[in-house]
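This is what each chain is made of:
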Amino acid sequence: MNDLGRLEDLPQDYRDALARQNLVPLWPGLRAVMPPQVPTRHTRPTHWAYQALRPLLLQAGELTPIEKAERRVLVLANPGHGLEKMQASAAIYLGMQLLMPGEWAPSHRHTPNAVRMVVEGEGSWTTVDGEKCPMSRGDLILTPTGLWHEHGHDGDQPVIWLDVLDLPLAYYLETSYHINGSRQAQREGHGDRAYARGGVVPSPLFERSGKRYPMLRYPWADTRAALETLAQDRPALEAVQVTYVNPETGEDAENILGFHALMLRPGQTLRLPARSPASVYHLIEGAVEASIADTGFTLAPGDTCCAPGYTGVTLRNRQPDTPSFVFVADESPLHRKLGLYEDRG
Ligand code: 1HN
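Note that the coordinates shown come from a computational prediction; the quantities given were computed from them, not determined experimentally.

## Details of the layout of surface pockets
What the largest pocket holds in volume is close to 1,500 Å³. Contributing to the lining of the largest pocket are 49 residues, with Q87, A90, A91, P168 and L169 lying nearest its centre. Elements represented by at least two residues in the lining of the largest pocket include exactly α2 (30-33), β2 (73-75), β3 (93-99), β4 (104-110), β10 (159-165), α4 (167-172) and α7 (332-338). Ranked by the residues each element gives to the lining of the largest pocket, the list is headed by α4, at 5 residues. In terms of residue class, the lining of the largest pocket is built from 25 nonpolar, 15 polar and 9 charged. Size it by volume and the second largest pocket reaches roughly 400 Å³. For the lining of the second largest pocket, the secondary-structure elements that each account for two or more residues are α6 (220-233) and β13 (240-243). Considering every element that reaches the lining of the second largest pocket, the biggest residue donor is α6, with 3 residues. Taken together, the residues that form the lining of the second largest pocket break down as 12 nonpolar, 4 polar and 2 charged.

Written out as structure tokens, the structure is:
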């Protein structure tokens, strides 16, 4: 690799003349923006322990009323990007949100896509596009771009969930904004019931819904059962994994980020390939050791960690007799659509 000329090699009066015309020489900065073989990644392997963040989130419940927060969230920020950037990776935002009994997070809609993965508590719900979605541990609820959503809580204990958004990308593209609304009228029909059986979809009078987001809630009980059935049916299958999809088309559930669930068999060690997208691992059930590059994390239920792209990830189920279940979010729909997707094995 040849050395390129440096900025300091150029006479100061020439550099000043360039700057006055808003001009920059490419060669001194070329290697930084396009390094050989492997891109520069600010995303660092990072672990957020639920046990450590939970009391701080509950404290936010005492310090800041919901009216002063709209969404009471502690952001899981990757120090490699700078905490103030509120990014887990280039395209992924993560936050832990708290709703106390009786509270209501008012209706709004925005350009970034979001999903919620419920971590703790019963009795809350999110209304998305008029559909009331109950929230239980492990449920995945979509609030895709442009759809109205609001959260309420009829239970008697705090509810906490993980928010995953493509906010950093929407912000980078200068497309991130929101609109406030009023309480939604609830409509008939529940996507999780209409699409509860794989292989058949509703088609009244031979017409399919054609909706871009026919299913907004993916109950954990169904996803878990799908993983267990898959594991039983294919004892030799190494990666017992499912992807959250649009049941009408089989495409990714949302446009930019991908969502998956993984079952690690008792005692299993699973090596995930080094792929271009960054990824996030959230432990729903069990006990898992995650190895990312030269970093190791021990995940307890409710814990979340992230991995940069182009990096292999090894997950080991620490439980010898019972499976562990992991929710995975990644940037793969985005990379595939842009033609940037790579699997380096
Ligand atoms: C948002 O709308 C929610 O609706 C949660 O619960 C987190 C983070 C950034 C921007 C919008 C929500 C968010 C958010």
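## Description of the environment of E228
Tracing the sequence through the fold places E228 in helix α6. E228 sits in the partly exposed class, given a relative accessible area of 29%. C-alpha of E228 to C-alpha of F325: the two residues are 97 residues apart in sequence and 10 Å apart in space. If we ignore the near neighbours within four places in the chain, the residues touching E228 are M263, P323 and F325.

## Side note on the environment of N78
Mapped onto the elements, N78 comes out in the loop between β2 and β3. Along the chain, N78 and A19 lie 59 residues apart, while their C-alpha atoms are 33 Å from each other. If we skip the residues at most four places from it in the chain, N78 touches H42, T43, R44, T46, W48, L83, Q87, A88 and C306.

Quick notes on the rules
Within each chain, residues carry numbers counting from 1 in the order of the written sequence. Totals for whole chains, interfaces and linings use every residue, but because this is a predicted model, local features are given only for residues with pLDDT of at least 70 and side-chain atom pairs only at 80 or more, for both listing and counting. Calculated side-chain values reflect all of the structure's heavy atoms, with hydrogen atoms and water omitted. A cavity here means a set of 1 Å grid points, computed over protein atoms only, where a 1.4 Å probe fits but cannot escape. A pocket is an open set with protein on both sides within 12 Å along at least 5 of 7 lines, and lining residues have an atom within 4 Å of a point. Grid points are joined across faces, edges and corners, and a volume is the space filled by probe spheres set on the points. A run of H or I in DSSP becomes a helix once it reaches four residues, and a run of E becomes a strand once it reaches two; helices and strands are each numbered from the N terminus. The residue classification treats Ala, Val, Leu, Ile, Met, Phe, Trp, Tyr, Cys and Pro as nonpolar and Asp, Glu, Lys and Arg as charged. All others, Gly included, are polar. The classification of residues rests on relative accessible area computed with a 1.4 Å probe and restricted to protein chains. Under 20% of the type maximum is buried, over 50% is exposed, and intermediate values are partly exposed. Should any heavy atoms of two residues lie within 4.5 Å, those residues are considered in contact.

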